[in-house]
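As a plain string of letters, each chain reads:
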Amino acid sequence: IIYGNEKQLKTLEIGREISFETNNFNKNDLFYNTTPNSKLFSNDLKYTAIVQFDDISFKDIDRTFAESVRDNVKERLNLSLTKDNAELAYSALFGDKTLLDEEHETAFRLSGVAHLLAVSGLHVGIIVITLQFILKPIKHKKWLSFSIIAAILMFYMYLCDFSTSIIRAVIMSIILLISKILNEEYDTYNSICIAGIVIFFINPL
């Protein structure tokens, strides 16, 4: 929690890295004792520090365009939804589970719907179906419609930081769309093999 005047607080943009020194912590579960003379911070722990604006220093960082877009989406979600729902929506949109607390992540895993938090075929399928509905007026211009959908999928893949699951889903979706344009039968096994070969060349490990 940072205290300062309105002008100062406006400079606190999402994505800026700050450093500070303070003894004013919310110490609930902040640390645990391993020996009488040592204290270690717990992993994945959320805690609160209270500091004055004048006591912080900024470290300018170069953000990529994708990071700027994700930060903007995160900010809008936080303004529109409750904290928990905003974190969940952000995780589902970009496959980034860093905002989710362990309790929610465990609940998703135990309920068998953890795949909703990993951007993959489900997300890409929703995007493709939505775009096909929007592009209905130009459905007779098949290659134009395909180019628009493919470009948007590529951009979404970039926003998701080219995770393996999104690369696979996008490649398979593009092959499916091409097969429909050429009136050819779509073969899942060939499609996933092509995706695997492409991913192998991008990152063999």
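Conventions adopted
Residues numbered from 1 in each chain as written. Predicted model: local features only at pLDDT ≥ 70, side-chain atom pairs only at ≥ 80, totals over all residues. Heavy atoms only, no water. Helix = DSSP H or I, 4+ residues; strand = E, 2+ residues; numbered from the N terminus. Buried < 20%, exposed > 50% of the residue type's maximum accessible area, 1.4 Å probe, protein only. Areas by Shrake-Rupley, 256 points an atom, 1.4 Å probe, with all protein chains shown as cover. Core = buried A, V, L, I, M, F, W, Y, C linked by side-chain atoms within 4.5 Å. Salt bridge = Lys/Arg side-chain N within 4 Å of Asp/Glu carboxyl O. Axes fitted to C-alpha atoms, helices over the stretch in contact; angles between N-to-C directions. Left-handed = near helix turned anticlockwise from the far one by under 90°. Contact = heavy atoms within 4.5 Å. Nonpolar A, V, L, I, M, F, W, Y, C, P; charged D, E, K, R; others polar. Phe/Tyr/Trp six-rings, centres within 6.5 Å; stacked < 30°, edge-to-face > 60°.

Turning our attention to the overall build of the protein. Along the protein, the regular secondary structure elements total eight helices and six strands. Counted from the first residue to the last, the protein has its helices and strands arranged as β-α-β-β-β-β-β-α-α-α-α-α-α-α. A total of 205 residues make up the protein; the buried ones form 24% of that total. Put simply, the protein shows about 14500 Å² of open surface, and 58% of that area lies on carbon and sulfur atoms.

Ranked by internal contacts, the top residues of the largest apolar core, which has 30 residues, are Val-124, Ile-149, Ile-166 and Val-170. When residues of this core are traced back to their parent elements, those giving at least two are α2 (65-80), α3 (83-94), α5 (121-134), α6 (142-159), α7 (164-181) and α8 (188-202). Here the element with the most residues in this core is α7; it accounts for nine residues.

Evaluated as defined, the whole model comprises two salt bridges. Lys-74 is the salt-bridge partner of Asp-71, the closest N and O atoms lying 4.0 Å from each other. Placement of the pair is Asp-71 and Lys-74 together in helix α2, with a separation of three residues, close to one helical turn. Since its relative accessible area comes to 12%, Asp-71 is described here as buried. Of the charged contacts in the structure, one is a salt bridge between Lys-83 and Glu-87, with a shortest N-O distance of 2.8 Å.

Moving on, we get to the packing of α5 against α6. Each pair of packed helices can be described by the angle between their axes along with the distance between the axes. Direction vectors running N to C along α5 and α6 enclose 145°, while the axes themselves pass 10 Å from each other. The way α5 lies across α6 gives a crossing that is right-handed. Taken together, the residues of α6 that come into contact with α5 (itself represented by His-123, Val-124, Ile-127, Val-128, Leu-131 and Gln-132) are Ile-149, Ile-152, Leu-153 and Tyr-156. Partitioned by chemical class, the residues of the contact of α5 with α6 number eight nonpolar, two polar and no charged.

Let's shift gears to the packing of aromatic side chains. For the structure shown, the criterion picks out six aromatic pairs. A centroid spacing of 5.6 Å and a plane angle of 90° characterise the contact between Trp-143 and Phe-146, whose relative ring orientation is edge-to-face. Linking Trp-143 with Phe-146, this pair stays in helix α6, spanning three residues, or about one helical turn. Residue Phe-146 is classed as buried on the basis of its relative accessible area of 13%.

It is worth spelling out the side chain of Ser-191 at this point. Here Ser-191 shows up in helix α8. Ignoring sequence-local partners within four residues, the contact set of Ser-191 consists of Met-172, Ile-175 and Tyr-186.

The next subject is unusual backbone geometry. Located in the positive-phi region is Asp-161, a residue other than glycine, with phi close to 65°. Within the fold, Asp-161 resides in the loop between α6 and α7. Look at Phe-162: it is not a glycine, yet its phi comes out positive at around 50°. Of note, Phe-162 is situated in the loop between α6 and α7. A residue is classified by how much of its surface remains accessible, and Phe-162, at 43% relative accessible area, is partly exposed.

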